[in-house]
Amino acid sequence: MTWSAADVPDLSGRTALVTGASGGIGRETARVLAAHGAHVVLACRSEQRARAVAEWAGGSTEVVELDLASLDSVRRAAARVRDRHARLDLLVNNAGVMFPSYGRTADGFEVHLGVNHLGHFALTGLLLGLMSGVPGSRVVTVGSLAHRVGLGGFDADRARSGSGRRSVTAYGRSKLANLLFARELQRRLTAAGAATVSLAAHPGLSPTGLWHGDPPAVLRPVVAAGMRWLAQPAQAAALPSLRAATDPQVPRGAYLGPARRFGSRGAPVPARSSRAARDAAAQARLWELSEELTGVRYEFASAPGPGPGEPAAGVCPVMGSRG
Ligand SMILES: NC(=O)c1ccc[n+]([C@@H]2O[C@H](COP(=O)([O-])OP(=O)(O)OC[C@H]3O[C@@H](n4cnc5c(N)ncnc54)[C@H](OP(=O)(O)O)[C@@H]3O)[C@@H](O)[C@H]2O)c1
């Protein structure tokens, strides 16, 4: 049977944080989570846009200012969430940029890698303490079909390059980094015996604000044609993230995406990633580089072993009860 938003379980008593909830797929993800009873933290760089989403979405929400292009902002946002909440059930690393108007982040990182990966790497590390003891807690990281064009590898020089602003490869690399990160996070969580699981999702193709950047001219006709034939609305594009976030049947470390038209649209199902995304050595290397660049080192706390009736390793546990 096709999975849809109607399959999201009751999330009453759960707290979720969605980055980039001010528009597109993140806004839709936040709306559906709130509609199913979760308290949703809208982590956005514009407080004004986030407040408009809070009003539109209804349910229980709050706004936290977060600019992933600044590690200071990431630290402030994480501190605010830690001050306000004793636990976090769900973190959706959704925000992203493609061909933006600026080339480097406040910390001097190539903009795609800085916002899409390094900002989320730091945020996740700073929030993991709120999650690792919470049964069924999940980190969902949003990748892209474009991870397949993320060529060239990762190193400190490239991470600080100012020439990626209009580069398809640089965007692709940041999305490859999202997948490498999600897998390495799952590996480390498993090794630590933590209660949290890490998953990844990609939305296919959707005509959101992401495409309002400044792409290389050669790409514009391709994008226009692609949007006509392949794209799906944000409501459908949010389903892989929502399924990864809430479906108890998906395995730990899973990667979900749309089923049809080369993965560009359709219902959320297990997706295929490139060989580069499955390279365990590359996953470990990127983790070390990310720690070095952000200064954020993860602390993994183990959880109590599975109780009677709880799922064995390999199966994604259902979100546990509060208290
Ligand atoms: N749409 C697609 O076809 C497609 C395809 C593959 C993957 N994706 C991925 O899907 C995710 C969501 O993108 P979308 O399509 O929904 O695009 P979108 O409509 O442009 O939304 C992106 C969100 O990220 C936020 N954001 C951008 N820079 C930020 C920063 N420095 N700090 C914090 N938040 C920031 C934006 O905030 P503002 O409102 O402040 O700009 C917005 O809320 C991204 O990870 C993207 O790579 C999208």
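In case you missed it, the structure is sitting above this.
### With respect to the pairing of strand 1 (residues 15-19)
Summarising burial for strand 1: 5 of the 5 residues are buried, a large majority. Where burial is concerned, the two faces of strand 1 agree: the one with Thr15, Leu17 and Thr19 and the one with Ala16 and Val18 are both buried. Where strand 1 meets strand 2 (residues 39-44), 5 bridges bridge the pair, whose relative direction is parallel. Residue pairing in the sheet places Leu17 in a bridge with Val41 of strand 2. As for the winding sense of the linkage, the β-α-β connection from strand 1 through helix 1 (residues 24-35) to strand 2 is right-handed. With 3 bridges connecting them, strand 1 and strand 4 (residues 90-93) associate as parallel partners. Counterpart to Leu17 in the pairing with strand 4 is Leu91.

### Things to note about the pattern of salt bridges
This model, assessed by the stated rule, comprises 12 salt bridges. For Arg188, the salt bridge goes to Glu184, with nearest N and O atoms at 2.8 Å. Of this pair, Arg188 and Glu184 both sit in helix 6 (residues 168-192), 4 residues apart, which is roughly one turn of that helix. Its relative accessible area of 0% is what places Glu184 among the buried residues. Between Arg297 and Glu291 there is a salt bridge whose closest N-O contact spans 3.0 Å. A single network of salt bridges, built from pairs that share partners, joins Arg165, Arg166, Asp214 and Arg220.

### Observations regarding the packing of helix 3 (residues 71-84) against helix 4 (residues 111-127)
The geometry of helix 3 relative to helix 4 is characterised by a closest axis approach of 9 Å and an angle of 25° between their N-to-C directions. Here helix 3 is positioned roughly parallel relative to helix 4, judged by the angle of their axes. Between helix 3 and helix 4 lies a crossing whose hand is right-handed. Contacts from Leu71, Val74, Arg75, Ala78, Val81 and Arg82 of helix 3 reach helix 4 at Gly119, Ala122, Leu123, Leu126 and Leu127.

### Here's the deal with the sheet that holds strand 1
Strands sit in the order 3-2-1-4-5-6-7-8 across an open sheet of 8 strands; the sheet is mixed. With partners counted over all chains shown, the strands left at the sheet margins are strand 3 (60-65) and strand 8 (265-270), one partner each. The sheet shows a mean angle of 20° between the axes of neighbouring strands, taken without regard to direction. Pairing of strand 5 (residues 138-142) with strand 6 (residues 197-201), which is carried by 5 bridges, proceeds in the parallel orientation. Of the residues in strand 6, the one forming a bridge with Thr141 is Ala200.

### As for the nonpolar core
Core analysis: the largest hydrophobic core is formed by 49 residues, its most contacted members being Leu17, Leu91, Leu123, Leu127, Leu185 and Tyr298. Breaking this core down by element, the ones donating at least two residues are strand 2, helix 3, helix 4, helix 6 and helix 10 (280-294). In contact with Tyr298, other than residues within four places in its own chain, are His120, Phe121, Thr124, Gly125, Leu128, Phe181, Leu185, Trp287 and Glu291. If you look at the next biggest cluster of nonpolar residues, it comprises 35 residues, including Val40, Ala237, Ala245 and Val250.

### Re the site of the ligand
As a structural note, the neighbourhood of the ligand is formed by 30 residues, with Ser22, Arg45, Arg49, Asn94 and Thr208 the closest of them. Taking Gly96, its main chain carries an N or O atom lying 3.3 Å from an oxygen atom of the ligand. A distance of 2.8 Å separates an oxygen atom of the ligand from a polar atom in the backbone of Ser206. Looking at the shell around the ligand, the elements with two or more residues in it are helix 1 and helix 6. Looking at the shell around the ligand residue by residue, the class counts come to 14 nonpolar, 12 polar and 4 charged.

What counts and what doesn't
Residues numbered from 1 in each chain as written. Predicted model: local features only at pLDDT ≥ 70, side-chain atom pairs only at ≥ 80, totals over all residues. Heavy atoms only, no water. Buried < 20%, exposed > 50% of the residue type's maximum accessible area, 1.4 Å probe, protein only. Helix = DSSP H or I, 4+ residues; strand = E, 2+ residues; numbered from the N terminus. Pairing = 2+ DSSP bridges. Right-handed = clockwise from strand over helix to strand, strands pointing away. Salt bridge = Lys/Arg side-chain N within 4 Å of Asp/Glu carboxyl O. Axes fitted to C-alpha atoms, helices over the stretch in contact; angles between N-to-C directions. Parallel < 35°, antiparallel > 145°, perpendicular 65-115°, else oblique. Left-handed = near helix turned anticlockwise from the far one by under 90°. Contact = heavy atoms within 4.5 Å. Core = buried A, V, L, I, M, F, W, Y, C linked by side-chain atoms within 4.5 Å. Near = heavy atom within 4 Å. Polar contact = N/O pair within 3.5 Å; in protein donor to acceptor, adjacent residues only side chain to side chain. Nonpolar A, V, L, I, M, F, W, Y, C, P; charged D, E, K, R; others polar.

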